[in-house]
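The residues making up each chain are set out below.
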Amino acid sequence: MAGLSALTACGRPSLLDGKLSSRSLNLEEYFDGRTVAYGQFADRFGTVRRRFVVDITGEWDGEKLTLTEDFRYSDGTTEQRIWTLTKTGEDTWEGAADGVQGVARGEERGDTFNWAYTIDLPVPRGGTMRVSFDDWMWLLEDGRLLNKAYMSRFGVTLGEVTIFFEKK
């Protein structure tokens, strides 16, 4: 019985979950301009393994959203990732960035955005590791955006990335 309780407590968000606000997240509006993000990676046991700050410059041209992300990690390392997102429908997106395998796909629903992709991430010891992300964002008050990303490899959860975005 305890094992069953533990399993049911490990759910993930769904785009069908009830909305907690009347706000609507529009990626092209939110990320156009400057944004700063503060985040951390915690392993599957909850131990925080890495923290970072990301300076993001977004440019929306009416069709594509380009996000230039400059990461600064707490260990002093840096990384840049440039995403190109294309709006494919009223609430759907596709995206690409160096290291992304295939196409990243996402959908907005009210104040929520879900984004899924597989990427070869640089690792601190050198090289890369191929991981998959089930990435969730929720628009909060005052231009803030909360992001929780579930990271896995070969279907096994490695941990979670929590990020807090602020418009500048």
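Throughout, a residue's number is its position along its own chain's written sequence, starting from 1. Whole-chain, interface and lining totals are the exception, using all residues; otherwise, since this is a predicted model, local features are given only for residues with pLDDT of at least 70 and side-chain atom pairs are given and counted only at 80 or more. The basis for the side-chain values is all heavy atoms of the structure; hydrogens and waters are excluded.

Participant: What exactly am I supposed to notice about the overall build of the chain here?
Facilitator: When you go through the chain residue by residue, the secondary structure sums to two helices and 10 strands. Numbering of helices and strands runs from the N terminus; a helix is a DSSP stretch of H or I covering at least four residues, while a strand is a stretch of E covering at least two. Helices and strands in the chain line up, N terminus first, as α-α-β-β-β-β-β-β-β-β-β-β. Relative to a compact globule of 168 residues, whose C-alpha radius of gyration would be 15 Å, the chain shows 16 Å and is just as compact. With the C-alpha coordinates aligned to their principal axes, the bounding extent of the chain is approximately 50 × 40 × 30 Å. Exposed residues in this analysis have more than 50% of their type's maximum accessible area, buried residues have under 20%, and partly exposed residues fall in between, with area computed by a 1.4 Å probe over protein chains only. Looking at the chain residue by residue over its 168 residues, the buried ones come to 37%. Residues are treated as being in contact if the distance between any of their heavy atoms lies within 4.5 Å. A separation threshold of at least 6 residues defines the contact pool for the chain, and within that pool the share at least 24 residues apart is 37%. Residue exposure ignores everything except the shown protein chains as possible cover, and the areas themselves are Shrake-Rupley values with a 1.4 Å probe. When the accessible surface of the chain is split by element, carbon and sulfur atoms take 51% of a total near 9600 Å². To get the radius of gyration, use the C-alpha atoms; to get the globule rule, take the number of residues to the power 0.38 and multiply by 2.2 Å.

Participant: Can you help me understand unusual backbone geometry in this one?
Facilitator: Glycine aside, negative phi is the norm for most residues, and most peptide bonds take the trans geometry. Residues other than glycine seldom take positive phi values, yet Asp-142 does so here, at roughly 55°. Here Asp-142 is to be found in the loop between β8 (128-139) and β9 (144-153). Exposure remark for Asp-142: the relative accessible area of 69% places this residue in the exposed category. Positive phi outside glycine occurs at Phe-154, with the angle close to 55°.

Participant: Sorry if this is basic, but what is going on with the packing of aromatic side chains here?
Facilitator: The geometry of an aromatic ring pair is captured by two quantities: the separation of the ring centres and the angle between the planes. Ring pairs are drawn from Phe, Tyr and Trp, using the six-membered ring of Trp, whenever the two centres fall within 6.5 Å, and their geometry is named by plane angle: stacked under 30 degrees, edge-to-face over 60, tilted for the rest. Counted under the stated rule, the structure contains 12 aromatic pairs. Look at Trp-83 and Tyr-117: their rings are 5.1 Å apart centre to centre, the planes differ by 75°, and that puts the pair in the edge-to-face class. Linking Trp-83 in strand β4 (residues 78-87) with Tyr-117 in strand β7 (residues 112-122), this pair joins segments that are 34 residues apart in sequence. As far as burial versus exposure is concerned, Trp-83 and Tyr-117 are alike and both buried. A network of ring pairs unites the aromatic residues Trp-83, Phe-113, Trp-115, Tyr-117 and Phe-133 as a single cluster. For a ring to carry a charge above it, either NZ of a lysine or CZ of an arginine must fall within 6 Å of the ring centroid while also lying within 35 degrees of the normal to the ring plane. Over the face of the ring belonging to Tyr-30 we find Lys-167, whose NZ or CZ atom lies 5.8 Å from the ring centre.

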